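# Working through the structure, step by step
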Amino acid sequence: MKKILVLILAALCLGNAASAQTYSILIKGGHVIDPKNNIDEVMDVAISEGKIAKVAKNISGTAKQTVDAKGLYVTPGLIDIHSHNFFGTAPDHQYENGNLALPPDGFTFRNGVTTVVDAGSSGWRTFTTFKEQTIDQSQTRVLAFLNIVGEGMRGGYEQNLNDMDTRMSALMAKRFKNYIVGFKVAHYEGHEWAPVDRAVAAGKEAGDIPVMIDFGGSQPPLPIEELFMQHLRPGDIFTHCFAQINGREYIVDQQTQKVKPFVWDARKRGIFFDVGYGGISFAFSQAIPAAKEGFFPNSISTDIHTGSMNNAMKDMLTTMSKFLALGMDLKSVIKASTSNPAMEIKHEELGNLSVGADADVAVLNIRKGKFGLFDYTGRKIETDKKLECELTVRAGKIVYDLNGIANPVTIR
Ligand SMILES: [Zn+2]
């Protein structure tokens, strides 16, 4: 009898041991917004071995680090699909191995960003250098749109049609398919459609991957209706969608102050509208009338480089805060910065908190106060809410903690 009792007790103990999980990180009591999984309520998030282990209310068990997220928002790590990270020291190389580009880790984690997609800084001739010196050296996940220009985004090279090679670009994308998510067209000033058509052809050849268009500076401008309806495919991305600059047709009609009817049709056709804020590529004169009609971007991105970050754009969270101020609801702003961009680049394993996904997480605060948000033209709006990053987890490790809300406070 005594023996049986001991056995029963032993079995009970084993049972308990099996159910008492030990996690690496447990984020407690935050308001989880995970648009892909339709979660928008207070929950805990448990992380183990670099992956999301569980998302549920009141998760029990112990953890090496716990994070007190009460009063904060817990979201998938943010994805910025328009950045410039091919930094280097080559004189006059601009965004291609030059000093206008930024090392990602210095600017991502303090903004909750865990994935960036470099938007065409490198081309097929220069991508391997970019991979060796930036992608392979960064904690941030760095992906890339390959410029259709072989050299990449180096002043003087971008007008050279002879360096826009569909076959070589597609070959490079297939060789590095874990990193290259599409092709980029930018800054072309001629009146030919060849740069767009060659990038789209490369997209098809490389396995149906998207093209991102920074529509050039032709005078007079090429019609964007023709771009959306005849040259691009559903799933291609129009970046700088709220730009109002010379040499490019705008999406909002200046006379009627309405989004042009064919822009709505293009959206229905499957063209994605991306912010790509940049130095001069976002104007309230476009974004405010568009927002009034409920025309919000599919994806929010920064076009961050040394120029834009010290001007009106600043960073990902300031850009997201602008859309909150324009009346986009928080869940949609998060969706446009997580699962939507992941879908646009056809990496739907990213931008969500599904169990088993890489544990990339942002813990955000909405700071209350009086804030001014302006665009490059000097137009300013006021707001009482601004997003701020409290903590960032990348691949299961805390990589940024603003106020030491992790216990123990350790950055690895
Ligand atoms: Zn750009």
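Keep in mind that this is a model prediction, so the values were computed, not measured.

Let us now look at the overall build of the protein. Helix and strand counts for the protein stand at eleven helices and 18 strands. With respect to the principal axes defined by its C-alpha atoms, the protein has extents near 95 × 45 × 40 Å. Split into buried and exposed, the 412 residues of the protein put 58% on the buried side. Across the protein, every contact between residues at least 6 apart in sequence was considered, and the portion connecting residues at least 24 apart equals 74%. Averaged over its 44 positive side-chain charges, the protein has a centre that lies 7 Å from the centre of its 45 negative ones.

So, on to the packing of aromatic side chains. As enumerated under the stated definition, the model contains 15 aromatic pairs in all. Residues Phe242 and Phe282 carry aromatic rings whose centres are separated by 6.2 Å and whose planes lie at 75° to one another, so their mutual orientation is edge-to-face. Residue Phe242 is found in the loop between β11 (237-238) and β12 (252-253), and its partner Phe282 is found in the loop between β14 (272-273) and α7 (284-292); the two are separated by 40 residues along the sequence. Judged by relative accessible area, Phe282 falls into the buried class, the value being 1%. Ring plane angle 75° and centroid distance 5.3 Å describe the contact between Phe273 and Phe295, whose orientation is recorded as edge-to-face.

What follows covers the side chain of Asp360. Summarising the element assignment, Asp360 is placed in the loop between α11 (339-344) and β15 (361-374). A polar contact of 2.8 Å, which involves the side chain of Asp360, links it to the backbone nitrogen of Ala395. What Asp360 contacts, discounting residues up to four positions off in sequence, is Thr75, Pro76, Gly77, Thr114, Thr115, Arg141, Leu353, Val393, Arg394 and Ala395.

So, on to the layout of surface pockets. In this structure, the largest pocket spans a volume of roughly 350 Å³. Lining the largest pocket we find 21 residues, and of these His187, Asp214, His240, Arg248 and Ser281 sit closest to its centre.

What follows concerns α7. Taking burial as the measure, the nine residues of α7 include seven buried ones, the bulk of the element. Those residues of α7 not exposed but buried are Phe284, Gln286, Ala287, Ile288, Pro289, Ala290 and Ala291. Two residues or fewer past α7, Gly294 is found with a positive phi of approximately 80°.

As for its placement among the helices and strands, Glu382 is situated in strand β16 (residues 380-394). Measuring from C-alpha to C-alpha, the distance between Glu382 and Gly372 comes to 4.7 Å, with ten residues separating the pair along the chain.

Turning to the pattern of salt bridges, a few remarks are in order. Considering all chains together, one arrives at 17 salt bridges under this definition. Asp44 is the partner of Lys28 in a salt bridge, and the nearest nitrogen-oxygen pair spans 2.9 Å. Here Lys28, found in strand β1 (residues 22-34), pairs with Asp44, found in strand β2 (residues 39-48); they are 16 residues apart in sequence, far enough to count as distant. Look at Asp44 and you get buried, because its relative accessible area is 3%. Notably, a salt bridge pairs Arg141 with Asp360, separated by 2.8 Å at the nearest N-O pair. Highlighted residues: Arg141 in strand β8 (residues 141-147) and Asp360 in the loop between α11 and β15, separated in sequence by 219 residues. Considered together, Arg141 and Asp360 belong to a single accessibility category, that of buried residues. Residues joined in a network through salt bridges with shared partners are Lys51, Arg141, Asp358, Asp360 and Arg394.

Strand pairing within a sheet occurs via backbone hydrogen bonds; the two strands may be parallel or antiparallel. Ordered in space as β6-β7-β8-β9-β10-β11-β14, the seven strands form an open sheet in which the pairing is parallel. Each of the sheet's edge strands pairs with one partner strand only, and the pair in question is β6 (78-83) and β14. Of the strand pairs in this sheet, strand β10 (residues 211-214) and β11 are connected by two bridges, and their pairing is parallel. The partner of Ile213 across the bridge, within β11, is Phe238.

Residue Pro220 is reached from Gln219 by a cis peptide bond, and omega for that bond is -5°. For Pro220, the position within the fold is in the loop between β10 and α5 (224-231). Asn407 connects to Pro408 through a cis peptide bond whose omega is -5°. When you line up the elements, Pro408 lands in the segment after β18 (406-407). Phi at Asn38 is positive, roughly 55°, even though this residue is not glycine. Summarising the element assignment, Asn38 is placed in the loop between β1 and β2. Unlike most non-glycine residues, His187 shows phi in positive territory, near 70°. Here His187 is to be found in the loop between β9 (180-186) and α4 (194-205). His187 gets classed as partly exposed once you look at its relative accessible area, which sits at 30%.

The rules behind the values
Residues numbered from 1 in each chain as written. Predicted model: local features only at pLDDT ≥ 70, side-chain atom pairs only at ≥ 80, totals over all residues. Heavy atoms only, no water. Helix = DSSP H or I, 4+ residues; strand = E, 2+ residues; numbered from the N terminus. Buried < 20%, exposed > 50% of the residue type's maximum accessible area, 1.4 Å probe, protein only. Contact = heavy atoms within 4.5 Å. Lys, Arg positive; Asp, Glu negative; His and termini not counted. Charge placed at Lys NZ, Arg CZ, Asp CG, Glu CD. Phe/Tyr/Trp six-rings, centres within 6.5 Å; stacked < 30°, edge-to-face > 60°. Polar contact = N/O pair within 3.5 Å; in protein donor to acceptor, adjacent residues only side chain to side chain. 1 Å grid on protein atoms, 1.4 Å probe; cavity = no way out; pocket = protein on both sides within 12 Å on 5 of 7 lines; lining within 4 Å. Points joined across faces, edges and corners; volume = space filled by probe spheres on them. Salt bridge = Lys/Arg side-chain N within 4 Å of Asp/Glu carboxyl O. Pairing = 2+ DSSP bridges.

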